[in-house]
Amino acid sequence: MNIEQFTKRLDALKFGDMFENDFLLTWEKTDDEIDAVFTVADALRELRENNVSAKIFDSGLAVSLFRDNSTRTRFSFGSAANLLGLALQDLDEGKSQIAHGETVRETANMISFMADVIGIRDDMYIGKGNTYMREVAQSVEQGYKNGVLEQRPTLVNLQCDIDHPTQSMADMLHIIHHFGGVENLKGKKIAMTWAYSPSYGKPLSVPQGVVGLMSRFGMDVSLAHPEGYEIMSDVEKVAAANAAKNGTKFVKTNSMAEAFKDADIVYPKSWAPYAAMEKRTVLYGNGDNDGIKALEKELLTQNAKHKDWECTEEMMKLTKGGKALYMHCLPADITGVSCEQGEVCASVFDRYREPLYKEAGYKPYIIAAMMFLAKCKDPSKILAELAKSAKPRFLK
Amino acid sequence: MNIEQFTKRLDALKFGDMFENDFLLTWEKTDDEIDAVFTVADALRELRENNVSAKIFDSGLAVSLFRDNSTRTRFSFGSAANLLGLALQDLDEGKSQIAHGETVRETANMISFMADVIGIRDDMYIGKGNTYMREVAQSVEQGYKNGVLEQRPTLVNLQCDIDHPTQSMADMLHIIHHFGGVENLKGKKIAMTWAYSPSYGKPLSVPQGVVGLMSRFGMDVSLAHPEGYEIMSDVEKVAAANAAKNGTKFVKTNSMAEAFKDADIVYPKSWAPYAAMEKRTVLYGNGDNDGIKALEKELLTQNAKHKDWECTEEMMKLTKGGKALYMHCLPADITGVSCEQGEVCASVFDRYREPLYKEAGYKPYIIAAMMFLAKCKDPSKILAELAKSAKPRFLK
Amino acid sequence: MNIEQFTKRLDALKFGDMFENDFLLTWEKTDDEIDAVFTVADALRELRENNVSAKIFDSGLAVSLFRDNSTRTRFSFGSAANLLGLALQDLDEGKSQIAHGETVRETANMISFMADVIGIRDDMYIGKGNTYMREVAQSVEQGYKNGVLEQRPTLVNLQCDIDHPTQSMADMLHIIHHFGGVENLKGKKIAMTWAYSPSYGKPLSVPQGVVGLMSRFGMDVSLAHPEGYEIMSDVEKVAAANAAKNGTKFVKTNSMAEAFKDADIVYPKSWAPYAAMEKRTVLYGNGDNDGIKALEKELLTQNAKHKDWECTEEMMKLTKGGKALYMHCLPADITGVSCEQGEVCASVFDRYREPLYKEAGYKPYIIAAMMFLAKCKDPSKILAELAKSAKPRFLK
């Protein structure tokens, strides 16, 4: 086991602002802070792989609130909490006595008396999820300052309407390790492209999170989608600014082939048009069920025009040496497996199954690192202590 | 950190009967036992605030059964269990194979093989909840004596039809600290008053728990409600007996203003008339849905006649210096916030938001103290040991 | 405390194949392996009864997936996980984002990044449950070998369409202790008999598990049921082969009285005919609701012809000295208690209530032992270490 490589790297970074802070959008974090998350994630994995306990909590709760279904992120959050010693407590709004009109401020404080971390997924409605997370974060900040809470629970964004930072960070760490280090990414090309799915209304947070983050690492980023499937323009600006700063390219195109051309990495995935999602949010707000049904029908019809946006073997051949790294946040819509026609053909998906699973496997460590950096004043010192005491994770 | 102040206080109290016993009604406990709960609650908070682990369990389960919705109490129970080292295991009767007609005795034993604590909320039906809890307690007592169970799980009442002891005890500890000690409560006046809510059928256990407990601390207690909103007469007798014993007053009135007059503490809260709740229990028992609907309509109409029972600024002006401590178990029905008209006006609620949240913050410690006193033979010694070993709650 | 008796017994057994393996069917395990489970179960109980921690995990998850309702097994699995230091994480397929068509292989890996154990109940459809478990086990085996998973999660069968090993093993350990050791079982007779229940479609895995396991311990096994209530023929073959090997009897009969005659142990319990369950599985597969309703009606009518298959006092008188040990996996259908007429009369059930509860009490230890043997390379050494370090389970 070699923890020193990580503590040394940490010691060279500035990330003091992460202490007792939240993780809501990757582009609110400095390069050093992003690097610190990757470093701690790798360090925690090093500990676990060497059967060394990473428990920094003797007691404490990690509260989760999932306003949308989740398997991968739910288990990743639970795993991260457990790795650090926190017990998971899920806030099931259906079983809770959250009064009609109860303020976010009140609920946030009521669940936080012994909470060290709060993880929230709220990705259904444009303009809502991230706003809600900020309201929760501000509420517990205030509660902490007023002496209502004895500790400041850290908020981790488990997917909102804007970003999906635990996903994009796990994806990025996968890329870094796949290519043998950030230094090898210079000049590489990643294609974040739309892909056809028979379902509609998939969140925009994944493509947004990916272009917002991946544009920071020296790679050229191509964002491809059919006309009408634009993502949030604010995030495009983030990506463009990153590219400008780094002297790399951020290109938008309406051709999947163009994006795949010579790409080192491809991330073909369905999402809903931003404008349609804004419309849907209004319709839900008005309780306009007929309007929602009409919109759904319209979206499915629109989707169906783009069935050729599939990651086929032919498409893959366009990539660098025909061997781009295929990525997906999973579950994917696989043609002939999970649907008649979908985002990716079965043979491509099968060939990349192992790396795809490994990609997903970074998420528990990324989340644990976000928690770790928010809770420990001196993460480097704590990592060194954990390594030194070398308490076994289990008595093999 | 100063734990000695608490261990000394404990050493002066008699509470041996709490060991391997349950906590069902506050008025079944002696003054010393009530004091012991407060003392241990404060001691556990002292430990946690000083980052000292209060884990007395290395493994073990805290089983919860919520037959009614809950956020605050659910999280408080989970927090208390976690603080002491127990894992929460919720008994979801919907997902359980509890056979039609399966006896309470059987279920109680089946969930208790490794349970150290059982917490139950069962507050919907008059004559049912507390009875059910006693049946569970007797079942596990018998199971323990017969060698079926290796330990005697402690039952904690998380709200029944009669009392809500974890609420009233948290409320009381808040009062004690707010006024700087029990010794300062002599001659103080607390007003437990009904208040209007657009919903109906709120449990009686809060007002009953409050008058049954608060009448023990040298305070005069006023119980105010419109005619027809009587609480359980047995609990009124408890309060009257407490007052007689202490030379204080227990006054019933049908005037909110009279109760508020010169009060040091006000607790305005909606509840359903006891007689109506008894009626409802019979209707549910008979599966008489039409009868239930008719009763609900009747209750809402009756409620609506008392919209003037609101904790307004004018009402607050009647209290001692206009500055009584406003209390509520939360969530409150706030006029113009959570409903058109409710229990309290927004400005009063806002002014007391911070103390209200602190009031709620005592509950995890109260529950943990109830568990602690039921499980530890010598709580004072264990507290001293925890303080001495000073294991960090988390590696900051 | 005497742990040496268990470590010595373990040292005389061969069970190396259990390490990093699964527990799916008892008849896939050697006699030594079965013995090792009983030995470790007893050892873990010895530790816990002496307030010694059996925590071998500092962190880690035990994932549960219940595709059918459960109280007893759910709590047993949770208790076992907690005893060894694992946190329970339930996979609620309703709240999960398991895509239509998502492969078992994918889900299995996604939930297993930090999972040490996976427990599954999937007992509804013939030919499905056990197959599903094997698919999960193979998936995580592959994930482990490919470096996707850092540890090999162990699969524990919490009831499938074929076997219910945690039940039959708990039942068997109860028998062993009741009769004072395996050596006293030679020549004893156990009657696994069908019994009438007003419900239908109860799983076959209990009778199958019982005859498949109990036939290994020197006892004569009688399997009794009305014509048409045959169990899976493959399992009958297992029982017959066991009997042949041991020189004991495996007898099938259509007379409850014949089975009860001179029996030392009786296990009267309702189950559905295997052929009907096969038919039902096909109907479900076809979504044939009318067919299912018709089948249910047919089964209830068929059941009703056999109301005389009840474990009455008269029936019990036929057993050895009238004092056979009555067993049941619970909950039982008790005549006049949980139904008008059922599997057992109230007086018999009441007389055996205490042993029945004790029987159930073995399950947490059996499951914990299965986990222990799959995770520890040298279980005997680890048990000795736990006993030596003697960390208290709780600070009494």
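Below is a summary of the structure that appears in this document.

The rules behind each value
Residues numbered from 1 in each chain as written. Chains lettered and ligands numbered in written order. Predicted model: local features only at pLDDT ≥ 70, side-chain atom pairs only at ≥ 80, totals over all residues. Heavy atoms only, no water. Axes fitted to C-alpha atoms, helices over the stretch in contact; angles between N-to-C directions. Helix = DSSP H or I, 4+ residues; strand = E, 2+ residues; numbered from the N terminus. Parallel < 35°, antiparallel > 145°, perpendicular 65-115°, else oblique. Left-handed = near helix turned anticlockwise from the far one by under 90°. Contact = heavy atoms within 4.5 Å. Nonpolar A, V, L, I, M, F, W, Y, C, P; charged D, E, K, R; others polar. Buried area = accessible area lost by both parts, 1.4 Å probe. Salt bridge = Lys/Arg side-chain N within 4 Å of Asp/Glu carboxyl O. Polar contact = N/O pair within 3.5 Å; in protein donor to acceptor, adjacent residues only side chain to side chain. Pairing = 2+ DSSP bridges. Phe/Tyr/Trp six-rings, centres within 6.5 Å; stacked < 30°, edge-to-face > 60°. Buried < 20%, exposed > 50% of the residue type's maximum accessible area, 1.4 Å probe, protein only. Least-squares fit on C-alpha atoms with pLDDT ≥ 70 in both. Core = buried A, V, L, I, M, F, W, Y, C linked by side-chain atoms within 4.5 Å.

### Side note on the packing of helix H10 (residues 274-285) of chain C against helix H11 (residues 289-304) of chain C
All names here are of chain C. At their nearest, the axes of H10 and H11 sit 9 Å apart, and the two run at 160° to each other. Of the possible angle classes, the one that applies to H10 and H11 is roughly antiparallel. Helix-helix and strand crossings are classified by hand; for H10 and H11 the assignment is left-handed. Contacts between H10 and H11 involve Ala-276, Met-277, Lys-279, Arg-280, Leu-283 and Tyr-284 from the first element and Gly-291, Ile-292, Leu-295, Glu-298 and Leu-299 from the second. Among the residues forming the contact of H10 with H11, the class breakdown is 7 nonpolar, 1 polar and 3 charged.

### Here's the deal with the interface of chain C and chain A
The partner chain A presents 38 residues to the 41 residues of chain C that form the contact. With both chains or domains summed, chain C and chain A bury close to 3,600 Å², and 52% of this area falls on carbon and sulfur atoms. Counting across the interface, chain C meets chain A through 5 salt bridges. Two residues, Arg-72 of chain A and Glu-106 of chain C, come together in a salt bridge whose shortest N-O distance is 3.2 Å. Linking chain C with chain A are 16 residue pairs in polar contact (both at pLDDT 80 or more). The set of elements that each furnish at least two residues to the side of chain C that touches chain A consists of strand E1 (61-66), strand E2 (87-90), helix H4 (104-110) and helix H16 (379-389) of chain C. A total of 4 residues in the side of chain C that touches chain A trace back to one element, the largest contributor, which is H4 of chain C. Residue composition of the side of chain C that touches chain A, grouped by class: 16 nonpolar, 13 polar and 12 charged.

### What about the sheet that holds strand E3 (residues 115-121) of chain C?
Sheets are built from strands that pair by backbone hydrogen bonding, the pairs being arranged parallel or antiparallel. In space, the 4 strands of this open sheet follow the order E2-E1-E3-E4 (chain C), with parallel pairing throughout. Bordering the open sheet on either side are E2 and strand E4 (154-157) of chain C, each of which pairs with just one other strand. Strand after strand, the sheet turns through a mean of 25° between neighbouring axes, direction not considered. Each of E1 and E2 of chain C touches helix H3 (residues 72-84) of chain A; the most contacted strand, E2 of chain C, lies at about 175° to it.

### Some details on the packing of aromatic side chains
Throughout the structure, instances matching the rule amount to 21 aromatic pairs over all chains. Look at Tyr-326 of chain A and Phe-349 of chain A: their rings are 6.4 Å apart centre to centre, the planes differ by 75°, and that puts the pair in the edge-to-face class. Residue Tyr-326 of chain A is found in strand E9 (residues 325-326), and its partner Phe-349 of chain A is found in helix H13 (residues 346-351); the two are separated by 23 residues along the sequence. Residue class for Phe-349 of chain A comes out buried when judged on its relative accessible area of 1%. Seen from their ring centres, Trp-194 of chain B and Trp-309 of chain B are 6.2 Å apart, and the 75° between their planes marks the pair as edge-to-face. With a gap of 115 residues between them, Trp-194 of chain B in strand E5 (residues 189-194) and Trp-309 of chain B in the loop between helix H11 (289-304) and helix H12 (313-317) connect regions that are remote in the sequence. Exposure class is identical for Trp-194 of chain B and Trp-309 of chain B. Each is buried. Among the aromatic residues, those joined into a cluster by ring pairs are Trp-194, Tyr-229 and Trp-309 of chain A.

### Let's talk about the interface of chain C and chain B
With 38 residues of chain C at the contact, the number on the chain B side is 41 residues. Approximately 3,600 Å² of surface area, both sides summed, lies buried where chain C meets chain B, with 52% of it carried by carbon and sulfur atoms. On the surface where chain C and chain B come into contact, there are 5 salt bridges. The tally of links between chain C and chain B comes to 16 residue pairs in polar contact (both at pLDDT 80 or more). Only helix H2 (31-49), helix H3 (72-84), E2, helix H14 (353-361) and helix H15 (363-375) of chain C provide two or more residues apiece to the side of chain C that touches chain B. Per-element tally for the side of chain C that touches chain B: the top contributor is H3 of chain C, with 7 residues.

### Overview of the sheet that holds strand E9 (residues 325-326) of chain C
Residues and elements named next belong to chain C. If you trace the 5 strands from one edge of the open sheet to the other, you get E7-E6-E5-E8-E9, paired in parallel fashion. Unpaired on one side and paired on the other, strand E7 (250-253) and E9 mark the two borders of the sheet. Two strands pair when backbone bridges link them, and strand E5 (residues 189-194) and strand E6 (residues 220-224) are joined in this way by 5 bridges, in the parallel orientation. Paired with Lys-189 across the strands is Asp-220, a residue of E6. In the packing of helix H8 (residues 233-246) onto the sheet, contacts are made with E6 and E7, and the angle to E7 comes to roughly 140°.

### Some words on the relation of the copies chain C and chain B
Rotating chain C by 120° and moving it 0.0 Å along the rotation axis overlays it on chain B with an RMSD of 0.0 Å. Such values leave the two copies arranged in the relation of a three-fold axis. Every residue of chain C has its C-alpha some distance from the rotation axis, and the shortest such distance is that of Ala-87 of chain C, at 4.5 Å.

### Focus on the nonpolar core
Core analysis: the biggest nonpolar cluster contains 420 residues, and Leu-44 and Tyr-326 of chain A, Leu-44 and Tyr-326 of chain B together with Leu-44 and Tyr-326 of chain C have the highest contact counts within it. Not counting residues up to four positions away in its chain, the partners in contact with Leu-44 of chain B are Ala-54, Leu-83, Leu-84, Tyr-365, Ala-368, Ala-369, Phe-372 and Leu-383 of chain B.

### Here's the deal with the environment of Asp-123 of chain A
All names here are of chain A. Inspection of the secondary structure puts Asp-123 in the loop between strand E3 (115-122) and helix H5 (129-145). Between the C-alpha atom of Asp-123 and that of Phe-66, which follows or precedes it by 57 residues, the distance is 9.4 Å. Here Asp-123 is in contact with Asp-68, Gln-159, Cys-160, Asp-161 and Pro-203, once residues within four sequence places are set aside.

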